[in-house]
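Coordinate inspection notes
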Protein chains: 2
Amino acid sequence: MMRTRPLKVALLGCGVVGSEVARIMTTHADDLAARIGAPVELAGVAVRRPDKVRGGIPAELITTDATALVKRGDIDVVVEVIGGIEPARSLITTAFEHGASVVSANKALLAQDGATLYAAAEQHGQDLYYEAAVAGAIPLIRPLRESLAGDKINRVMGIVNGTTNFILDKMDNSGAGYSEALDEATALGYAEADPTADVEGFDAAAKAAILAGIAFHTRVRLDDVYREGMTEVTAADFASAKQMGCTIKLLAICERAADGESVTARVHPAMIPLSHPLASVREAYNAVFVEADAAGQLMFYGPGAGGAPTASAVLGDLVAVCRNKLNEATGPGESAYTQLPVSPMGDVVTRYHISLDVADKPGVLAQVATVFAEHGVSIDTVRQQGKDGEASLVVVTHRAPDAALSGTVEALRKLDTVRGVASIMRVEGE
Amino acid sequence: MMRTRPLKVALLGCGVVGSEVARIMTTHADDLAARIGAPVELAGVAVRRPDKVRGGIPAELITTDATALVKRGDIDVVVEVIGGIEPARSLITTAFEHGASVVSANKALLAQDGATLYAAAEQHGQDLYYEAAVAGAIPLIRPLRESLAGDKINRVMGIVNGTTNFILDKMDNSGAGYSEALDEATALGYAEADPTADVEGFDAAAKAAILAGIAFHTRVRLDDVYREGMTEVTAADFASAKQMGCTIKLLAICERAADGESVTARVHPAMIPLSHPLASVREAYNAVFVEADAAGQLMFYGPGAGGAPTASAVLGDLVAVCRNKLNEATGPGESAYTQLPVSPMGDVVTRYHISLDVADKPGVLAQVATVFAEHGVSIDTVRQQGKDGEASLVVVTHRAPDAALSGTVEALRKLDTVRGVASIMRVEGE
């Protein structure tokens, strides 16, 4: 049954992920051939620095001219693991134009220009697969867009950035502050020299955009995602969280509004109860919690980054795309038929944990409570602690729109008796 | 782009799962049509008792003649949720012969005759999908056979039976014995009137056979799976587990041997460390832990049974199979190219926790230790507790073949100083 002409794969990028993809394509060639129904051959590898040694890849396959490689005309599948917007975008569209399907791990590009890429793929009858773009090795894109294709997904909530989870887990376990935990993450290779994309939530926001689009069958772009980093989470926040039976995680949350007529997508640190499955996700692991009408609550857990795990996701897509090529078919394309609008952060309804530094004198609590009431934010619990004329008030609210909470905090800051707002944190997963 | 002639679906069985499938097909018809690219129509429902009221299904669709329904010739997809071997097997093969693909939730049939069904599907160019057969709503079959198609899976270890997990979780939390916990499970509807299939591990064994076959690309039949139920797990076992920082779960474990030349599949209760992700799977939830060469450790978690969750899995498959029909293609068929043999339980290598009732006199430990040594089973720790001339010895071993452990226990029983073997439990997940 097996076809003898091999399927030809062009690899764009040969860093941590690309070199693993090339390695596994070589060492597991027989398995891949059996699973696809035809052999696959690495036909070319485009890199920026050809002098850098790459174990196991024949020198004659290496080129610096990525455009010429994708234009060769005999390439069946292009694997793009360069990252970033350009030249990745141009190379991918060129690949489609020249009859190649594309497997990509490029979350930034998919979050920004997914619709354009999907349209190009469809126009040329090619596949666009990108399991590796979200949560590394964890099968997530395929379960969402295929396994749950007969269900209605209401919420996707996940830890989709390993660097920040490592830092927060370290802070939680050791009582360390943010800087100290970041230093450890950097020393161990979990954080990059410039950690901005991770700690400011840009990476997670790109993944949230991709997940929201797939989950709700609508278009969600990076700009639609509300984003707050986790650099201001303190040891005091973790102490407060513990008192509530919670921990703190940087979460990507994609929700369908209660009326079903809009969706939201956001990334921010949040308290979650220790009993929630996401609370026990340690170190640099990722996990995504999915709530669907019929399926109920599902969770997907695993390594969210790293060369080999990401390569596993790329190769799973490669097998699928190659099988589609042999079948002269394509897999699922963009599904954006619901055209649900993305609501702003102010419309998100959730709970809040607010720490205030206040004057330690009678009547302060009454003043503060009045401000909450005036903004329609109902208080669940208040904890008051005083010492030396200073006091702190910790308020936990019932569910309220984010805009109402913002208004409340603005008004609180204007009170003479409120010396400062020490922290505001959302409470999720209850 | 949308085709107007609907795809026709025949539903075999309309119990807890089937009625949910029918309900969602009606209430979510527009979503399903958009996701498939063509409308789907419920063309007939075969039941045994047509008088039983079934909300929402037009009476003219209901028939007692399942065979005539699958032979009609205009059916695109048959959804089989009858369960059991016959008539399900004949109906499925008849469906293939008459040009229909099949979505099944029938674990018993797939574990016993999967190869025959796959061959029939391939012969007639049809699809056989069965996500719902293992772990209900949890996307597992598709991730294993598609997402991880480019990776090498070494172990699949899971809680795949909700009834027994509910009972064990109850025993763990309340200190209840097996009978008491079973009674509660029955009262709450988690256990059937005759719980044999669940508590004796037959249900889990069928799922283990299916998972092992997919994970290792070989044929594993129900008879190949070693099976031990959980009816003999006691409150004392849970107390011992706690002392070791463990809990007890009924696990389905599929492993590739260290030399890669064979596989094993087994179901039995086992101690696992509280730190293992499977330890915190509560109530009737299921979870499956997968270890692969490149991906590392993954876990899939969710509801393992119930009408709506199982229907979610069925409908995800229905969308995929319908899309394949429109593409005139088929999805992945059986992948059994490795033809790895299934080794017997004696070849499984793991650790053991053994409780012995012994005479409380000098020299007993030396005798017992000698027996372990003679059988090549290395002891990790021993805990000795004595009172009133009686004593107990708790031995935890290093990794050893199951056959060596069985030989050890047989020899221990023959010692005059050993009054009885109170329990033997495997220790996994370390």
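Named according to an unreviewed UniProt entry, chain A is Homoserine dehydrogenase originating from Streptomyces narbonensis. UniProt lists a comment for chain A under the heading Function (unreviewed entry), and it reads "Catalyzes the conversion of L-aspartate-beta-semialdehyde (L-Asa) to L-homoserine (L-Hse), the third step in the biosynthesis of threonine and methionine from aspartate." Under Cofactor (unreviewed entry), UniProt gives the following word-for-word description of chain A: "a metal cation".

Looking only at helices and strands, chain A features 14 helices and 17 strands. Computed over C-alpha atoms, the radius of gyration of chain A comes to 24 Å, within 12% of the 22 Å expected from 2.2 N^0.38 for 430 residues, which places it in the range of a compact globule. With the principal axes as the frame, chain A shows a C-alpha extent of 85 × 45 × 35 Å. Put simply, 73% of the contacts in chain A that link residues at least 6 apart link residues at least 24 apart. Only carbon and sulfur atoms are counted for the fraction: they give 49% of the accessible area of chain A, which is about 16500 Å². Here chain A carries 38 positive and 54 negative side-chain charges, and the mean point of each set is 2 Å from the other.

Listed as interface residues are 47 residues of chain B and, on the opposing side, 47 residues of chain A. Across the chain B/chain A interface, buried area totals approximately 3800 Å², and carbon plus sulfur atoms make up 55% of it. Between Arg142 of chain A and Glu146 of chain B there is a salt bridge whose closest N-O contact spans 3.6 Å. Linking chain B to chain A there are 20 residue pairs in polar contact (both at pLDDT 80 or more). For the side of chain B that touches chain A, the secondary-structure elements that each account for two or more residues are helix H2 (29-36), helix H6 (141-147), strand E12 (296-303) and helix H12 (307-327) of chain B. The leading source of residues in the side of chain B that touches chain A is H12 of chain B, at eight residues. Of the residues contributing to the side of chain B that touches chain A, the split by class is 26 nonpolar, eleven polar and ten charged. Here three bridges tie strand E12 (residues 296-303) of chain A to E12 of chain B, and the two strands are oriented antiparallel to one another.

Residue and element names in this part refer to chain A. With parallel pairing, the six strands of this open sheet are ordered in space as E3-E2-E1-E4-E5-E6. Strands at the two margins of the open sheet, each flanked by one partner only, are strand E3 (62-63) and strand E6 (128-129). With two bridges connecting them, strand E2 (residues 40-46) and E3 associate as parallel partners. In the sheet register, Ala46 faces E3, and the bridge partner there is Thr63. Its contacts with the sheet place helix H12 (residues 307-327) against strand E1 (7-12), E2, strand E4 (77-80), strand E5 (101-104) and E6, and it is angled at close to 170° to E5.

Time to look at the relation of the copies chain B and chain A. It takes a turn of 180° to lay chain B on chain A, together with a shift of 0.0 Å along the axis; the resulting RMSD is 0.1 Å. Here the symmetry operator amounts to a two-fold rotation axis. Looking at the rotation axis and the C-alpha trace of chain B, the residue lying nearest is Phe300 of chain B, at 2.4 Å. Of the interface residues in chain B, 100% have counterparts in chain A that sit at the interface too, so the contact is made through matching surfaces.

With that settled, the discussion passes to the pairing of strand E13 (residues 349-359) of chain B. Working note: regular strand, side chains alternate between the two faces of the sheet. All names here are of chain B. Counting buried positions along E13 gives nine out of eleven residues, so the element sits mostly inside the fold. In the sheet, E13 pairs with strand E16 (residues 400-401) via two bridges, with the strands oriented antiparallel. Looking at the pairing, Thr350 lines up with Ala400 of E16. One ladder, built from eight bridges, connects E13 with strand E17 (residues 418-427); its direction is antiparallel. Looking across to E17, one finds that Ile354 is bridged to Ile424. Pairing analysis gives seven bridges linking E13 to strand E15 (residues 390-397), with the strands arranged antiparallel. Counterpart to Ile354 in the pairing with E15 is Val395.

The positions UniProt marks with the feature "domain: ACT" (unreviewed entry) are residues 353-426 of chain A. Between the C-alpha atoms that bound residues 353-426 of chain A the distance is 6 Å, and the span itself is 31% helix and 47% strand.

Attention now moves to the sheet that holds strand E5 (residues 101-104) of chain B. Residue and element names in this part refer to chain B. Here six strands make up an open sheet; going across it, the order is E3-E2-E1-E4-E5-E6 and the pairing parallel. Edge strands, defined here as strands with exactly one partner in the open sheet, are strand E3 (62-63) and strand E6 (128-129). Direction of pairing for strand E1 (residues 7-12) relative to strand E2 (residues 40-46): parallel, over a ladder of six bridges. In the strand pairing of E2, Leu11 is matched with Val45. Packed on one face of the sheet, helix H4 (residues 88-97) meets E1, strand E4 (77-80), E5 and E6 and runs near 150° to E5.

Turning our eyes to something else, we now look at the packing of aromatic side chains. All names here are of chain B. Here the structure, examined in full by the defined rule, presents seven aromatic pairs over all chains. Seen in terms of ring centroids, Tyr118 and Tyr130 are 6.1 Å apart; in terms of plane orientation they differ by 70°. Their pairing is edge-to-face. One end of the pair, Tyr118, is in helix H5 (residues 107-123); the other, Tyr130, is in the loop between E6 and H6, and twelve residues separate them in sequence. Judged by its relative accessible area of 12%, Tyr118 falls in the buried class. Look at Phe166 and Tyr190: their rings are 4.2 Å apart centre to centre, the planes differ by 25°, and that puts the pair in the stacked class.

The subject of this paragraph is unusual backbone geometry. The step from Glu86 of chain A to Pro87 of chain A runs through a cis peptide bond, and the omega angle for that step is 10°. Assignment of secondary structure puts Pro87 of chain A in the loop between E4 and helix H4 (88-97). The residue His217 of chain B is not glycine, and still its phi comes out positive at about 55°. Mapped onto the fold, His217 of chain B is located in the loop between helix H10 (202-216) and strand E8 (226-227). Even without being a glycine, Glu328 of chain B presents a positive backbone phi close to 50°.

The next thing to look at is the environment of Arg282 of chain B. Residue and element names in this part refer to chain B. Locating Arg282 in the fold gives a position in the loop between strand E10 (263-273) and strand E11 (285-292). With relative accessibility at 36%, the residue Arg282 sits in the partly exposed group. The sequence separation of Arg282 and Gly162 amounts to 120 residues, and the corresponding C-alpha distance is 9.3 Å. Once residues within four sequence positions are removed from consideration, Arg282 is found in contact with Asn165, Asp169 and Lys249. At 3.2 Å, the side chain of Arg282 and the side chain of Asp169 are in polar contact.

Residue and element names in this part refer to chain A. Looking at the secondary structure, you find Cys322 in helix H12. For Cys322, a relative accessible area of 0% gives the class buried. The residues touching Cys322, leaving out its near neighbours within four places in the chain, are Leu7, Ile36, Val40 and Val77.

The next thing to look at is the side chain of Asp76 of chain B. Residues and elements named next belong to chain B. As for its placement among the helices and strands, Asp76 is situated in the loop between helix H3 (66-71) and E4. Despite its burial, Asp76 remains without a salt bridge, the nearest opposite charge being carried by Arg5 at 4.0 Å. Polar side-chain contacts of Asp76 include one of 2.7 Å to the backbone nitrogen of Lys8.

Time to look at the side chain of Arg266 of chain A. All names here are of chain A. Residue placement: Arg266 occurs in strand E10 (residues 263-273). Side-chain polar atoms of Arg266 contact the side chain of Glu255, separated by 2.9 Å. If near-sequence neighbours (up to four positions away) are discounted, Arg266 is found in contact with Val225, Tyr226, Leu251, Ala252, Ile253, Glu255, Met345, Val348, Thr350, Arg426 and Glu428.

The rules we used
- Residues numbered from 1 in each chain as written.
- Chains lettered and ligands numbered in written order.
- Predicted model: local features only at pLDDT ≥ 70, side-chain atom pairs only at ≥ 80, totals over all residues.
- Heavy atoms only, no water.
- UniProt positions renumbered as here; feature names shortened; annotations may be inferred.
- Helix = DSSP H or I, 4+ residues; strand = E, 2+ residues; numbered from the N terminus.
- Rg over C-alpha atoms; globule rule 2.2 N^0.38 Å.
- Contact = heavy atoms within 4.5 Å.
- Areas by Shrake-Rupley, 256 points an atom, 1.4 Å probe, with all protein chains shown as cover.
- Lys, Arg positive; Asp, Glu negative; His and termini not counted.
- Charge placed at Lys NZ, Arg CZ, Asp CG, Glu CD.
- Buried area = accessible area lost by both parts, 1.4 Å probe.
- Salt bridge = Lys/Arg side-chain N within 4 Å of Asp/Glu carboxyl O.
- Polar contact = N/O pair within 3.5 Å; in protein donor to acceptor, adjacent residues only side chain to side chain.
- Nonpolar A, V, L, I, M, F, W, Y, C, P; charged D, E, K, R; others polar.
- Pairing = 2+ DSSP bridges.
- Axes fitted to C-alpha atoms, helices over the stretch in contact; angles between N-to-C directions.
- Least-squares fit on C-alpha atoms with pLDDT ≥ 70 in both.
- Buried < 20%, exposed > 50% of the residue type's maximum accessible area, 1.4 Å probe, protein only.
- Phe/Tyr/Trp six-rings, centres within 6.5 Å; stacked < 30°, edge-to-face > 60°.

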